[in-house]
Structures are given as structure tokens and as C-alpha cells.
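Coordinates in review
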Amino acid sequence: MTIDTLTVKDFRNYAAQTVKFSPGLNVLSGANAQGKTNLLEAVYLCCVGRSPRTLKDKELIRWGHDGGRVLAEAKKRDGKTAVEVRLSRSENKRIAVNGLPISRIGELMGAVNCVFFSPDELKIVKESPSDRRRFMDTDICQMSKAYFYLLNRYNKILSQRNRLLKEGDGEALRSTLPVWDEQLAAAGAGIIVTRRKFIDKLKPLVKAEHSFLTGGEEGIEIEYEGLDGGDTSSAKASFLRVLEENRKRDIKHGFTNEGPHKDDFIVKLGGADLRSFGSQGQQRTAALSLKLAELEIFAGEIGEYPVLLLDDVLSELDLFRQGQLLERIQKAQTVLTCTHLDGMPSGAARFAVAGGAVSQFL
Ligand SMILES: Nc1ncnc2c1ncn2[C@@H]1O[C@H](COP(=O)(O)OP(=O)(O)O)[C@@H](O)[C@H]1O
Ligand SMILES: [Mg+2]
């Protein structure tokens, strides 16, 4: 799929701007703080329904203005799709797909897909398990509305169970906790099984991407770390067992200690855990390999490549890896930001970004 046109109005530092992207590589260049990342953020907003940088939608509205708007017009295998996000200081954002307002964010999932990579995404490899869960969940949600709703349901049940653990008296705990356990395990089982399948698919792809980027160096391995679950009934049984085993501890702490909300995946390089041992360069290449593998997963699941958004990644790679990356991304429409155009393929569409205005080099 490709995004043909992106229109932003009173979005971040943009007053009004329309950009026509090429179906291949698009390079946005400019000095710092000119609005390059803001444009990628606008694309991401139309795909995922939120910013990759903030959970506060109001921060996206241009300072001094009451509302903003982003419109992405995409071409997909099965036709055209337009996603419009309207932001307002006084109300929640409103999203429309092909002109029809949607009532739940879940309905946006899959309308237009993207994979986003920025230096910040290094946290997938080096920071907390929650960053790796977000990586898995954001992807799977874009591919499956059902998973999006399942995750929401799980989180609701989890917070109700936690409230009971914190506030319930002995009688309430005795009578109601088993009910929440059953529901939590049922929803959690689906999450565990789906994530495990996702990681299994990702495994060989990450290896291949990493080997390509590095020219065959260093073997990378990933492994899901969490509750067992080959299928939903065994995952549910093992989750129920874990809830049972942790009951006293849960009551004492006033929250649910174990479950898919605590799961993680391990990233190993040459047998060592990259989360704690990798050099910056190794972690960066690993994170990029995960993102490139994501592209392939999308292509396999939905039959076409999503839009790839690469924010400031080239400057952080050595020349060999830069070259490999540029070769690798030819299959997907890519929007890439950088501070200078050295080494960019001559066929790329080039745009200059300055002070919230975009102009195309002809
Ligand atoms: N809500 C907003 N309204 C107006 N300007 C904003 C808003 N949010 C961020 N900015 C401005 O956007 C610029 C940063 O844009 P960004 O796309 O991150 O830059 P870069 O080109 O370095 O990627 C800064 O000048 C910042 O002050
Ligand atoms: Mg930037």
C-alpha cells in the first residue's frame, strides 16, 4: 500500500500543508526542529490512531489553535482508503475512514498500515518489558481488530481484578475473585497464544534481516518469555494455575503479579542477552532488524507491504549498513527523514522541510 497524499492543518508546527508522496522512497531533509518527525507522526496517527510520541492528543494541535486535522489518502490492493483525524482542544479526537466516522479506535485498525522506526525505538531492545509488549501489541493490533478488542477486554478485567484485590474484604475476595480469574484467564489465553505465534513467525525473519544488514555477522535469536500456551485451552489452564499459585501474593500486593501484562521477549546476540549486554550499535541493528521483520510479517498477513516510516536512522548506521538498509526498503513505500541528502539513491523523491513547510525538489 502507499500513501499518495498527506494533508495536515494546524498540526504541530504546520499551518496547512499537502505533500504528495511517491510510491517508492521519499526523503524529507532539513535542519533540526523543522517539522520532519512531525510529518511522520501525522502518518502514524492515521494508521494507529495515536501519536508514537505522546498519548496527549492535544499536544498535536498547533499552538494557539483550537483544532487540527490530518488526512492520509492511501492506495491499497483493494482500492483507495482515506483516513481523517480531527483534533480538538475541547473534545476527543474524531476519526473517519472513507468519510464515515468511526466510534471505536478498533475500527481504524488495518485501514492503513505503517511500521515506524526512530532512534527512540531502541527502547524495544534495551528498555523495559513494557516497550517490547507495546512493540508486539501495536503490530498485532494493526493486523487484527479482534486482538485489539481482546487486549482492551483483558485490561479492563485486569483493572477490575486489581481493584478487588486492593479494596475487597475477605468475603468479596472469596466469592468474586474466582469469577475474575476465570474471565482474566479466558481473555489472557488468547493474548498469549497470539503473541507466541507472532514471535514464532518473527524469529526466522529477524535472523534473515539481521544477517543481511550486518553482512552475515552475529546470530540473533528472539524468544517469548511468559506463560506457556500452545493453544488457548492450555494457555488458559496454565494462566489459571499461575493465578491460583499467586493468590496470596496478589492479595498482599493488591495487584495481579503474573500474566500476559508482564510477559516479555528475549533478544540474544551470539548467546548474550542484548537487553543488558549489547553495545549501542548492536542494539540499534537488532531493533532495525525487528522492524524490517515486521514489514515481512505484514506482507505475509495482509498481502502487501505497509508504509515504512524511518526517522533519523541513517546517521546512526555505518556506511555498509546504510547501503544494505536502502537496498532492503525498496519493496515498500518509505518515508525517511535525514539532515542531509548525501548517499540518497537518485530515484528518491526529495523534499525540503523548513519551519513547518515542505517543498519538493524537482
Ligand atoms: N503543538 C505544536 N505547535 C507548534 N509547534 C510545535 C508543536 N509541537 C512541536 N512543535 C515544533 O515542532 C518542531 C519540531 O518538529 P520535529 O518534526 O520534531 O523536528 P525535526 O525536523 O527535527 O524532526 C519544533 O520547532 C517544535 O517547537
Ligand atoms: Mg526529528
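Preceding block: the structure.
Predicted model, so just to flag it, every value in this text is computed and none were measured. Sequence order as written defines residue numbering, which begins from 1 separately in each chain. For naming, the first written chain is A and the first written ligand is 1, with later ones following in the order written. In keeping with the model being predicted, local features are shown solely for residues with a pLDDT of at least 70 and side-chain atom pairs are shown and tallied solely at 80 or more, while totals for entire chains, interfaces and linings include all residues. Side-chain calculation: all heavy atoms of the structure are included, whereas hydrogens and water are not.

**Here's the deal with the sheet that holds strand β3 (residues 25-29)**
The strands that make up a sheet pair up through hydrogen bonds in the backbone, lying either parallel or antiparallel. A strand pair is defined by DSSP finding two or more bridges across the two strands. Helix numbering and strand numbering both begin at the N terminus, where a helix is a DSSP run of H or I of at least 4 residues and a strand a DSSP run of E of at least 2. Strand order in the open sheet formed by 6 strands is β8-β12-β13-β3-β14-β15, and the pairing between neighbours is mixed. On the outer flanks of this sheet lie β8 (114-117) and β15 (357-360), each paired with one strand and no other. Each neighbouring strand pair of the sheet contributes to a mean axis angle of 20°, computed without reference to strand direction. Where strand β12 (residues 307-311) lies against strand β13 (residues 334-338), 4 bridges are found, and the strand directions are parallel. Across the sheet, Leu308 pairs through a bridge with Thr334, a residue of β13. Helix axes are fitted to C-alpha atoms over the stretch in contact, other axes to C-alpha atoms as well, and angles between N-to-C directions run from 0 to 180 degrees.

**A word on the pattern of salt bridges**
Between Lys or Arg on one side and Asp or Glu on the other, a salt bridge is scored when a side-chain nitrogen of the former is within 4 Å of a carboxyl oxygen of the latter. Enumeration over the complete set of coordinates arrives at 32 salt bridges. The salt bridge involving Glu84 is made with Arg69; its shortest N-O contact spans 2.5 Å. Of this pair, Glu84 sits in strand β5 (residues 79-88) while Arg69 sits in strand β4 (residues 67-76), and the two are 15 residues apart along the sequence. The class of Arg69 is partly exposed, set by a relative accessible area of 23%. For Arg284, the salt bridge identified is with Glu316, shortest N-O distance 2.7 Å. Of this pair, Arg284 sits in helix α9 (residues 280-302) while Glu316 is found in the loop between β12 and α10 (319-328), placing the two residues 32 residues apart along the sequence. A relative accessible area of 14% places Arg284 in the buried class. The classification of residues rests on relative accessible area computed with a 1.4 Å probe and restricted to protein chains. Under 20% of the type maximum is buried, over 50% is exposed, and intermediate values are partly exposed. Judged by its relative accessible area of 30%, Glu316 falls in the partly exposed class.

**A word on the side chain of Lys36**
Along the chain, Lys36 falls in helix α1 (residues 36-48). Of the side chains bearing the opposite charge, Asp312 lies closest to the buried Lys36, which forms no salt bridge; the N-O distance is 5.8 Å. Any pair of N or O atoms that falls within 3.5 Å is considered a polar contact. Within protein, one atom must be able to donate a hydrogen and the other to accept it, and sequence-neighbouring residues count only if both atoms are side-chain atoms. A polar side-chain atom of Lys36 sits 2.6 Å from the main-chain carbonyl oxygen of Ala31. Charge counting treats Lys and Arg as positive and Asp and Glu as negative, with His and both chain ends excluded.

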